[in-house]
Amino acid sequence: MSIIKSKENILVLPFLLLGGLSLFKTVYNLWENFLPDFHVFYYSAYDLMHGIDPYQDKSLYTGLGYPPLTILLYVPYLIFNYEIAQRIFLLINIVSVFIITILSLQLVIRKFSWNYFFIFTSLAFISFPVKFTLGMGQSNLFAYFLLIAGFYFFTKQRIIIAGLLIGFTVIMKPIFIFVFLFFLLKSEWRILAVGTLLMLLFVLVTIILYGSNMYWYYITSLVPHLFNLSGREVYYNQGITGFISRLTDALLLRRVIPTIVSILVIIFTSYIVFRDKISHKIQFALILTTLLLIDTLSWQHHFVFFIFPFIVAFWLINMRKRFNLLPFLLLSYLLVSLNIHEPEQFSHFPYVFILSHVFYGAVILFVVLYKL
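Residues numbered from 1 in each chain as written. Predicted model: local features only at pLDDT ≥ 70, side-chain atom pairs only at ≥ 80, totals over all residues. Heavy atoms only, no water.

**Student:** I tried to follow the overall build of the chain on my own but got confused; where do I start?
**Tutor:** Counting its regular elements, the chain contains 17 helices and zero strands. Against the compact-globule benchmark of 21 Å for 372 residues, the chain has a radius of gyration of 21 Å, which places it among compact chains. Viewed in the frame of its principal axes, the chain has a C-alpha envelope of about 65 × 50 × 45 Å. For the chain, the residues scored as buried account for 53% of the 372 residues in total. When contacts within the chain are restricted to residue pairs at least 6 apart in sequence, long-range pairs at least 24 apart make up 73% of them. A total accessible area of about 17,500 Å² is found for the chain, and carbon and sulfur atoms account for 70% of it. The average position of the 24 basic charges and that of the 14 acidic charges among the side chains of the chain differ by 19 Å. (Helix = DSSP H or I, 4+ residues; strand = E, 2+ residues; numbered from the N terminus. Rg over C-alpha atoms; globule rule 2.2 N^0.38 Å. Buried < 20%, exposed > 50% of the residue type's maximum accessible area, 1.4 Å probe, protein only. Contact = heavy atoms within 4.5 Å. Areas by Shrake-Rupley, 256 points an atom, 1.4 Å probe, with all protein chains shown as cover. Lys, Arg positive; Asp, Glu negative; His and termini not counted. Charge placed at Lys NZ, Arg CZ, Asp CG, Glu CD.)

**Student:** Would you mind going over the packing of helix α4 (residues 82-108) against helix α15 (residues 307-319) with me for this structure?
**Tutor:** Helix packing geometry: the angle between the two helix axes and the distance between the axes. Close contact between α4 and α15 brings their axes to 10 Å; oriented N to C, the two are set at 35 degrees. The element α4 and its partner α15 pack so that their crossing is right-handed. Only Ile307, Phe308, Ile311, Val312 and Trp315 of α15 make contact with α4, whose side of the interface consists of Ile100, Thr101, Ser104, Leu105, Leu107 and Val108. Class assignment for the residues of the contact of α4 with α15 results in nine nonpolar, two polar and no charged. (Axes fitted to C-alpha atoms, helices over the stretch in contact; angles between N-to-C directions. Left-handed = near helix turned anticlockwise from the far one by under 90°. Nonpolar A, V, L, I, M, F, W, Y, C, P; charged D, E, K, R; others polar.)

**Student:** How should the pattern of salt bridges be read in this particular structure?
**Tutor:** Counted under the stated rule, the structure contains three salt bridges. We note a salt bridge from Arg254 to Glu233, for which the minimum N-O separation is 3.0 Å. With Arg254 in helix α13 (residues 251-274) and Glu233 in the loop between α11 (213-222) and α12 (240-245), this pair connects stretches of sequence that are 21 residues apart. Using a relative accessible area of 34% as the deciding quantity, one classes Glu233 as partly exposed. Across the pair Asp249 and Arg254 runs a salt bridge, and its minimum N-O distance is 3.7 Å. The class of Asp249 is exposed, set by a relative accessible area of 69%. (Salt bridge = Lys/Arg side-chain N within 4 Å of Asp/Glu carboxyl O.)

**Student:** Would you mind going over the packing of aromatic side chains with me for this structure?
**Tutor:** Working definition: an aromatic ring pair is given by the centre-to-centre distance plus the angle between the planes. Per the counting criterion, the structure on display carries 48 aromatic pairs. Measuring from ring centre to ring centre gives 5.7 Å for Phe154 and Phe182, while their planes differ by 85 degrees; the resulting arrangement is edge-to-face. A residue pair is termed long-range when its members are at least 10 positions apart, and Phe154 in helix α7 (residues 140-155) and Phe182 in helix α9 (residues 180-185) qualify at 28 residues. Across the pair, exposure class does not vary: Phe154 and Phe182 are buried alike. (Phe/Tyr/Trp six-rings, centres within 6.5 Å; stacked < 30°, edge-to-face > 60°.)

**Student:** For this particular structure, what's the right way to read the side chain of Ser356?
**Tutor:** Along the chain, Ser356 falls in the loop between α16 (326-337) and α17 (357-371). Its relative accessible area of 1% is what places Ser356 among the buried residues. Looking at Ser356, its side chain comes within polar contact range of the side chain of Arg246, at 3.1 Å. The contact partners of Ser356, leaving out residues within four places of it in the chain, are Gln238, Phe243 and Arg246. (Polar contact = N/O pair within 3.5 Å; in protein donor to acceptor, adjacent residues only side chain to side chain.)

**Student:** Teacher, can you tell me more about the environment of Phe227 here?
**Tutor:** Relative to the assigned elements, Phe227 resides in the loop between α11 and α12. For Phe227, a relative accessible area of 55% corresponds to the exposed category. Sequence-wise, Phe227 and Phe118 are 109 residues apart; in three dimensions their C-alpha atoms are separated by 41 Å. Residues within four places of Phe227 in sequence aside, it is in contact with Arg232 and Arg255.

**Student:** Just checking my understanding: could you explain a nonpolar patch on the surface for this structure?
**Tutor:** A contiguous nonpolar surface patch, about 590 Å² in accessible area, is contributed by Leu252, Leu253, Val256, Ile257, Ile260, Val261 and Leu264. Within the secondary structure layout, Leu264 lies in helix α13. (Patch = residues over 30% accessible without salt bridge, like charges linked within 9 Å, V, L, I, M, F, W, Y side chains within 5 Å.)

**Student:** Can you help me understand helix α8 (residues 159-172) in this one?
**Tutor:** For an α-helix the count is 3.6 residues per turn, leaving residues at separations of three or four pointing the same way. Taking 1.5 Å per residue, 14 residues should reach 20 Å; α8 reaches 20 Å between its end C-alpha atoms and fits that length. Those residues of α8 lying buried are Ile159, Ala162, Gly163, Leu165, Ile166, Gly167, Thr169, Val170, Ile171 and Met172. Buried residues belonging to α8 abut α3 (68-71), α7, α9 and α10 (189-210). (Expected span 1.5 Å × (residues − 1).)

**Student:** Whenever I open this one, the side chain of Asn237 confuses me. Can you help?
**Tutor:** Position of Asn237 relative to the elements: it lies in the loop between α11 and α12. Taking the relative accessible area as the measure of exposure, Asn237 reaches 0% and is therefore buried. Within the local environment of Asn237, its side chain forms a polar contact with the backbone oxygen of Thr296, the two atoms lying 3.0 Å apart. If we ignore the near neighbours within four places in the chain, the residues touching Asn237 are Arg232, Gly242, Arg246, Thr296, Leu297, Ser298 and Trp299.

**Student:** Mind showing me how you'd approach the nonpolar core here?
**Tutor:** Inside soluble globular proteins, nonpolar side chains tend to come together where they are buried. Counting residues in hydrophobic clusters, the biggest one holds 118 residues, and the most contacted among them are Tyr144, Phe176, Phe284 and Phe308. If near-sequence neighbours (up to four positions away) are discounted, Phe308 is found in contact with Ser104, Leu107, Val108, Tyr144, Ile148, Phe151, Lys281, Phe284, Ala285 and Leu288. (Core = buried A, V, L, I, M, F, W, Y, C linked by side-chain atoms within 4.5 Å.)

**Student:** Sorry if this is basic, but what is going on with the packing of helix α14 (residues 280-294) against α15 here?
**Tutor:** One can describe the packing of α14 onto α15 by two numbers: an axis separation of 9 Å at closest approach and a directional angle of 135 degrees. Relative to α15, the element α14 lies oblique. By crossing handedness, the relation of α14 to α15 is classed as left-handed. Contact residues: α14 offers Lys281, Ile282, Phe284, Ala285, Leu288 and Thr289, while α15 offers Phe308, Pro309, Val312 and Leu316. Within the contact of α14 with α15, the residues separate by chemical class into eight nonpolar, one polar and one charged. (Parallel < 35°, antiparallel > 145°, perpendicular 65-115°, else oblique.)

Right under this line is the structure:
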């Protein structure tokens, strides 16, 4: 008897209670609260519609860090006043968690009981990355829903729909351009073509309506910031670059070591994805894990992207009876899901190693997926 079937009835109730309480508390705290990143999205869209350059708008909570085509997706929210729009956005992100879990389970298990859904959804809402995403008003969850839906239609050979969804994913969250590597290695040229054409269409529309100056500013002023490695040591940055940056102040080492390690990880992952013998779902889970390892700004709220990889790893451990890997997967989840409220107290050597707990969890998950 599998590990899930023998214990799921006992496990579901406490998970459901914890997940439900966590979700209720999150919604209660955020319903009347201020979501800073959504403030930037909403009023950047407002600026576009009123002929104002959002990159020069000093009233935004933080500077706009996305290209102009991304802001087009937030124009429909202007139908509502800010307070109503923010609540709609919050609810969309919450619903996205449920849909991401359902799609992930259908991709991995195909026929599943709702007990699996309750367990994995509860684990998601309990984790800090999901709470952080919701609290910041970030776009991670809806973008991730589009990505998983795109991958789902890819497995069904609905190529046009898959390409459109992947294209919208990258428009909303440009770091997902890395996922193109998966489809490139699979020679899925139609998906890449559809996604690229959709992005070019959005670029063309924004240039026609608002000119090319904003793109020039984004490319020349904001993109170079991605290569500036000062400040990467901040606790919430949990990729390879963040880990190395917390260990040294030398900018050269911050640049060289993460670059070399990231290239090696990408080559290794690419080799695994290129091999046809391995299941697409494991390969895709490895691509997502690799993305968060190599991103120079791998914020903790980005680790909501681990929902699918965790489900893949857990189910394969169960089906292949590799129960020796289960403690490592549990440790990975705990390390990724925890948050240190006062990281400053661990800012000195050797305690600084504690601040990279999410990074360690990501490495463990990568190794577990490889072992499977």
